[in-house]
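Each chain, written out:
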Amino acid sequence: MSSKPVQLSAGRALTPGAIALMLMLCLSWGFNQIAVKLVLPDVPPMLQALSRSVGALPVLLAIGWFRGVKFFERDGTLWPGVSAGVIFGIEFVLIYRGLLLTSASRAVVFLYTAPFFVALGSYVFLGERLRAPQWGGLALSFAGVALAIGVPQANVDAKVLLGDLLIVAGGALWAATTLIVKTTALIKAPAEKGLGYQVALSIPILAFAAWISDETITHVPGPLSLSLLAYQAFWVVGLTFLLWFALVKTYSASKLSAFTFVTPLFGVVASYFIMHDTLTIAFGVAALLVIAGLYLVNKPDPKVTPDPNVPA
């Protein structure tokens, strides 16, 4: 391992291209919770998460091989990669287990508490300073998400609350992997290698979780479940997580994570088309709150002069 210290970087402001890419990622992730819930009758949660990692790993290796990534080069990323991989695996144990106990709509709200954890971690470890308007933007965005999902149901019991807590814990671990990438040698590693650590190490963790949970597949999954498993493995993990990893290396961690507040709104829209949920005026108001919040979070500080040596 390299003994050279890693130069920390808070990352630059989001460009229009990065914003467009983040919208595409958020759309994909917004549908993901629905995909997981639809597959659960055919494939239990830990085996579903395991199949996702097993399917995604060859995609990452193939892309890395095509781009000439040296996966086994000694570059100081081993222990940060192992740490991120272990956290990544536990994160999805918590998320998939939580989805058994709570609804997809509640899960997507609580999962995207991650930006608060990232903002706090960025403040402590990266030296990012969120100004008052940015904190207000985070609050507005979260209020919009809560409004879009609706008031909690009266029949929410301890089991559902436990599922919510597991999802929040998963969101905190998601934030932790983001910060590990930003504060270690992984910041300079190819995205395929950084994500490869996480996906590869999640496989034994998820396999062990499936084993101790005594999970089995009792019948051959139908075409819909198989296609949604492929969507989760090849597209969500194999490609969109790779794009996210690349963005995290370049742009502000807190601002990128704040942008993921859009994901639950896309999840609500997906529920409308797939589950035939009704969209209300409240959803329109919620969307405006989220957009306003994102504007405040990403609004440049007029007191800061851009560095001409940093590309826009």
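Going by the structure above, here's the rest.
Residues numbered from 1 in each chain as written. Predicted model: local features only at pLDDT ≥ 70, side-chain atom pairs only at ≥ 80, totals over all residues. Heavy atoms only, no water.

Caption draft 1: How the structure looks around the pattern of salt bridges. Tallying each qualifying case throughout the model produces three salt bridges. Measuring nitrogen to oxygen at the nearest pair gives 2.9 Å for the salt bridge that ties D75 to K193. You can see D75 sitting in the loop between α2 (45-66) and α3 (78-101) and its partner K193 sitting in helix α8 (residues 191-212), a full 118 residues away along the chain. Look at D75 and you get partly exposed, because its relative accessible area is 25%. Judged by relative accessible area, which is 2%, K193 ranks as buried. Between R97 and E215 there is a salt bridge; the shortest N-O distance is 3.8 Å. With a gap of 118 residues between them, R97 in helix α3 and E215 in the loop between α8 and α9 (223-250) connect regions that are remote in the sequence. (Salt bridge = Lys/Arg side-chain N within 4 Å of Asp/Glu carboxyl O. Helix = DSSP H or I, 4+ residues; strand = E, 2+ residues; numbered from the N terminus. Buried < 20%, exposed > 50% of the residue type's maximum accessible area, 1.4 Å probe, protein only.)

Caption draft 2: Focus on the packing of aromatic side chains. If you walk through the whole model with that rule in mind, you get 10 aromatic pairs. Their ring planes at 90° and their centres at 6.1 Å tell us that W29 and W174 sit as a pair that is edge-to-face. One end of the pair, W29, is in helix α1 (residues 16-39); the other, W174, is in helix α7 (residues 158-183), and 145 residues separate them in sequence. W29 sits in the buried class, given a relative accessible area of 4%. A relative accessible area of 12% places W174 in the buried class. (Phe/Tyr/Trp six-rings, centres within 6.5 Å; stacked < 30°, edge-to-face > 60°.)

Caption draft 3: Broad picture of the packing of α2 against α3. Interhelical geometry of α2 versus α3 gives an angle of 135° and a closest axis separation of 9 Å. By the angle between their directions, the pair α2 and α3 is classed as oblique. Like other packed secondary-structure pairs, α2 and α3 cross with a definite hand, here right-handed. Note on element contacts: α3 touches α2 through F92, V93, Y96, R97 and L100, opposite P45, M46, Q48, A49 and R52. (Axes fitted to C-alpha atoms, helices over the stretch in contact; angles between N-to-C directions. Parallel < 35°, antiparallel > 145°, perpendicular 65-115°, else oblique. Left-handed = near helix turned anticlockwise from the far one by under 90°. Contact = heavy atoms within 4.5 Å.)

Caption draft 4: Just the environment of S28, in detail. Structurally, S28 is set in helix α1. You can call S28 buried: its relative accessible area is 7%. Distance from S28 to Q232, taken between C-alpha atoms, is 9.4 Å for residues 204 residues apart in sequence. Those residues in contact with S28 that sit more than four places away from it in its chain are Y231, W235 and T240.

Caption draft 5: Here's a closer look at helix α4 (residues 104-111). When you tally the buried positions in α4, you get six out of eight residues, the bulk of the element. When we look at burial in α4, the residues that qualify are A104, R106, A107, V108, V109 and L111.

Caption draft 6: Spotlight on α8. Compared with the 32 Å implied by 1.5 Å per residue over 22 residues, the 32 Å span of α8 between its first and last C-alpha is a close match. Along α8, the sharpest kink reaches roughly 30°, centred on I203 and followed within four residues by the proline P204. Residue D214 follows α8 closely and has a positive phi angle near 55°. (Expected span 1.5 Å × (residues − 1). Bend = angle between axes of the 7 residues up to and from the residue.)

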